[in-house]
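Read off the chains here:
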Amino acid sequence: MSVTLLLVAMVIFAFGASHWLTRYASKFGAFSGVEYLIVGVLIGPQLPPRLITAAYLQQATPLISLLLGLTGFIAGVRVRRTIRRADAVVAGGLLATAVLLTVGLVALGLMYWIDTPPDKAVLDLPLFDLWGLRFELRASGEQLWLALGLGAAAAVSSSAIVESTGRLHRARGPVWDLLQTASAAGELIAVVVLGLTLAAVRSGSEAARFDMGLTEWAVASVSVGVVCGALFTVFIGREREGGRMFLASVGAVFFASGIGSALGISPLFVNLLFGMTVALASPHSAQLCAELARLQHPVYVMVMIFAGALWAPVSGWQWLLPFAFVVARYGALRLFTPLVARFSMEPPVIAHRLGHGLLAQGSVAVAIGVSYALRFPAQAPVVLTTILAGTLLGDVWSVRALTAVLLDAGEVTDTAAISGDHRVDASDLVDDDPNTPAPDLLDEFARAIQAASTEQPEEEQP
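Residue indices begin from 1 for each chain and proceed along its sequence in written order. A pLDDT threshold of at least 70 governs which residues receive local features in this predicted model, and a stricter bar of 80 or more applies before side-chain atom pairs are shown or counted, although totals over entire chains, interfaces and linings include all residues. Side-chain measures here rest on the full set of heavy atoms in the structure, leaving out hydrogens and waters.

Draft legend 1. Structural detail: the overall build of the protein chain. The helix and strand tally for the protein chain stands at 19 helices and two strands. Accessibility here uses a 1.4 Å probe with only protein chains present; expressed as a share of the type maximum, an area under 20% marks a residue as buried, one over 50% as exposed, and anything in between as partly exposed. Expressed as a percentage of its 462 residues, the buried residues of the protein chain come to 53%. Throughout, a residue-residue contact means that at least one pair of heavy atoms, one from each residue, lies within 4.5 Å. The long-range fraction of contacts in the protein chain, counting pairs at least 24 apart against all pairs at least 6 apart in sequence, stands at 81%. Accessible area for the protein chain stands at about 21100 Å²; split by element, carbon and sulfur atoms hold 64% of it. Helix and strand definitions here come from DSSP, where helices need a minimum of 4 consecutive H or I residues and strands a minimum of 2 consecutive E residues; each element is numbered from the N-terminal end. Computed by Shrake-Rupley with a 1.4 Å probe, the accessible areas treat only the displayed protein chains as cover when residues are assessed.

Draft legend 2. Quick look at a nonpolar patch on the surface. Patch membership is restricted to residues that have no salt bridge and whose relative accessible area is over 30%. Joining uses 9 Å for like charges and 5 Å for the nonpolar side chains Val, Leu, Ile, Met, Phe, Trp and Tyr. Counted as salt bridges are all cases of a side-chain nitrogen of Lys or Arg within 4 Å of a carboxyl oxygen of Asp or Glu. Together, Leu125, Leu127, Phe128, Leu130, Trp131, Leu133 and Phe135 give the surface a local cluster of nonpolar side chains, amounting to about 770 Å² of exposed area. Looking at the nonpolar patch element by element, the count peaks at four residues for strand β1 (residues 123-130). Position of Trp131 among the secondary structure elements: in the loop between β1 and β2 (133-139). Take Trp131: its relative accessible area is 81%, and that puts it in the exposed class.

Draft legend 3. How the structure looks around the packing of helix α4 (residues 61-77) against helix α12 (residues 242-263). Fitting a line to C-alpha atoms yields each axis, with helices limited to the stretch in contact; the angle taken between N-to-C directions then spans 0 to 180 degrees. Relative to each other, α4 and α12 sit at 115°, their axes nearing to 9 Å. On the basis of the axis angle, α4 is roughly perpendicular to α12. The crossing of α4 and α12 is right-handed. Along the contact surface, α4 presents Ser65, Leu66, Gly69, Leu70 and Phe73, while α12 presents Ser249, Val250, Val253, Phe254, Ser257 and Ser261. Reported orientations rely on four angle classes, namely roughly parallel under 35 degrees, roughly antiparallel over 145, roughly perpendicular from 65 to 115, and oblique for the rest. A crossing counts as left-handed when the near helix is turned anticlockwise from the far one by less than a right angle, and as right-handed when that turn is clockwise.

Draft legend 4. Geometry of the pattern of salt bridges. Under the definition given, this model contains three salt bridges. The closest approach of N and O atoms between Asp87 and Arg85, which form a salt bridge, is 2.7 Å. You can call Asp87 buried: its relative accessible area is 17%. Given the relative accessible area of 21%, Arg85 is considered partly exposed.

Draft legend 5. Highlighting the packing of aromatic side chains. Side-chain rings of Phe, Tyr and Trp (the six-membered ring for Trp) are treated as a pair once their centres are within 6.5 Å; stacked means planes under 30 degrees apart, edge-to-face means over 60, and tilted covers the remaining angles. Counted by the stated rule, this structure contains four aromatic pairs. Between Tyr36 and Tyr300 the ring centres are 6.1 Å apart and the planes differ by 85°, which places this aromatic pair in the edge-to-face class. In this pair, Tyr36 sits in helix α2 (residues 34-43) while Tyr300 sits in helix α14 (residues 285-310), placing the two residues 264 residues apart along the sequence. Residues Tyr36 and Tyr300 agree in their burial class; the two are buried.

Draft legend 6. Seen up close, the pairing of β1. In the sheet, β1 pairs with β2 via seven bridges, with the strands oriented antiparallel. The partner of Asp124 across the bridge, within β2, is Arg138. DSSP-based pairing: two strands are paired if at least 2 bridges between them are found. Hairpin remark: β1 followed by β2, antiparallel, with two residues in the connecting loop; positive phi at Trp131, about 55°.

Draft legend 7. Structural view of helix α17 (residues 380-408). With 29 residues, α17 should reach 42 Å at 1.5 Å per residue; the first-to-last C-alpha distance of 40 Å fits that figure. By the largest-angle criterion, Ser398 marks the main kink of α17, which is about 50°. Gly410 sits one or two residues past α17 and shows a positive phi near 70°. Residue count minus one, scaled by 1.5 Å, sets the expected span of a helix. Bend, at a single residue, is the angle you get between axes fitted to the 7 residues ending at that residue and the 7 residues starting at it.

Draft legend 8. Fine view of the nonpolar core. In terms of nonpolar packing, the biggest core is built from 123 residues, with Leu178, Leu179 and Phe274 touching the most fellow members. By residue number, the principal contributor to this core is α14, which donates 15 residues. The residues contacting Leu178, other than those within four sequence positions of it, are Ala88, Ala91, Ala341, Met345, Val349 and Leu354. For the purposes of this section, nonpolar cores are sets of buried Ala, Val, Leu, Ile, Met, Phe, Trp, Tyr and Cys residues that join through side-chain atoms within 4.5 Å.

Draft legend 9. Geometry of the packing of α4 against α14. Here α4 crosses α14 at 135°, and the two axes come no closer than 9 Å. Taken together, the axes of α4 and α14 are oblique relative to one another. As α4 packs across α14, the resulting crossing turns out to be left-handed. Here Leu63, Ile64, Leu67, Leu70, Thr71, Phe73, Ile74 and Val77 of α4 lie close against α14, whose contacting residues are Leu288, Cys289, Leu292, Leu295, Gln296, Val299, Met302, Val303, Phe306 and Leu310. Residues of the contact of α4 with α14, tallied by class, amount to 16 nonpolar, two polar and no charged. Residues were grouped as follows: Ala, Val, Leu, Ile, Met, Phe, Trp, Tyr, Cys and Pro as nonpolar; Asp, Glu, Lys and Arg as charged; and all remaining residues, including Gly, as polar.

Draft legend 10. Highlighting unusual backbone geometry. Pro48 connects to Pro49 through a cis peptide bond whose omega is 10°. Within the secondary structure, Pro49 is located in the loop between α2 and α3 (54-59). Residue Glu346 is joined to Pro347 through a cis peptide bond whose omega torsion reads 0°. Tracing the backbone shows Pro347 in the loop between α15 (320-343) and α16 (362-375).

Draft legend 11. The environment of Gly308, seen in detail. Its place among the elements puts Gly308 in helix α14. The buried category is assigned to Gly308, whose relative accessible area is 2%. The spacing of Gly308 and Val370 is 62 residues in sequence and 9.6 Å in space, taken between C-alpha atoms. When sequence neighbours within four positions are dropped, the list of residues in contact with Gly308 reads Leu37, Gly40 and Val41.

Note that every value here comes from positions in space, so none of it alone points to a role or purpose.
Pasting the structure below:
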């Protein structure tokens, strides 16, 4: 089968699966997206019949970059909708940082134990002496980049799954606001850490060629996304026709993804900044969210399929990394989520098993793994095995765990959720109505409708 026909078949499958799950699958049970990873593994180069070979994946790199760019752009353009409270942003930032450092240090220590201590270390930090033993933090460049990549993926909690699940059950209250904003902030911090990590790697490998250090590469990477967003905002101007906005945004994302790939940094990072700039600068960002909603689920499907196809098994003691990733992330969420909710929120937010509400990782975490695998092919098996295992286990239980947290907090008003009879399918995990106002804006929306209705008779008078 030719590459073109195979890619066309994958696109048709993605849109068909999205439509089928939306209309029919909910009556049979819950779907978390894990099935798409399994499909990717089954058609990938690791198992017969090997419909997607390694050569196909190499030729499909531009399409994968576009999918990563769309994932970042959709996450960025939803910022104004998902960020609800300033104190929750602080809490989410602190939580994401704590999870990132915890998982990163655990991964770094495990890699130090599995591999031979590096002869040339980029990180050599003595810690303390205990019982005649000296403890130090020592890592090679590859180990440090791998630990940062795994930590960034662990810091992700899917804002789309959190928001759609809460909206499905009509959740209202401080716990819901905290979980929604903290998950969005975690996604932003994770992708930014990934982008800066890849910029640091790029600055080291191209230092002699371009005479640019880490600061220059970081500034250049951030500037590309911001400039693309500013130019796109100027380009669409006062355009309100949905089809034109949709095509213009996809073309602009493709352009920004190409620049990100050429610079050696992730298209996910460049387009996240692109989308954030559009969300903050363009008055049509809400309409753009509505237009991109038709793409969100198919892009999610294809990212999962390609991630499964890119996966390769690890060997030996490296199988400990997925286990350590899952345990360290779960422990960090259980420990740090109540702390940041208590000390960063005003008034403090207290809820039972609050960290369970942020177990979902979703497409952004998988996109981070794919970005890292494309940049470091030698470490792709370790990265994808670890991140996909964490995503699989987290997403399977995330919807039920989040619903239980909201029920315990008394913030669910949906009687079906309270009785436990409601089913959640993959279509519920898609932000299919970005124009739905946030709970704190409902009163203003109602007043606006009332004002418009009272002004209409005056306009009809002669």
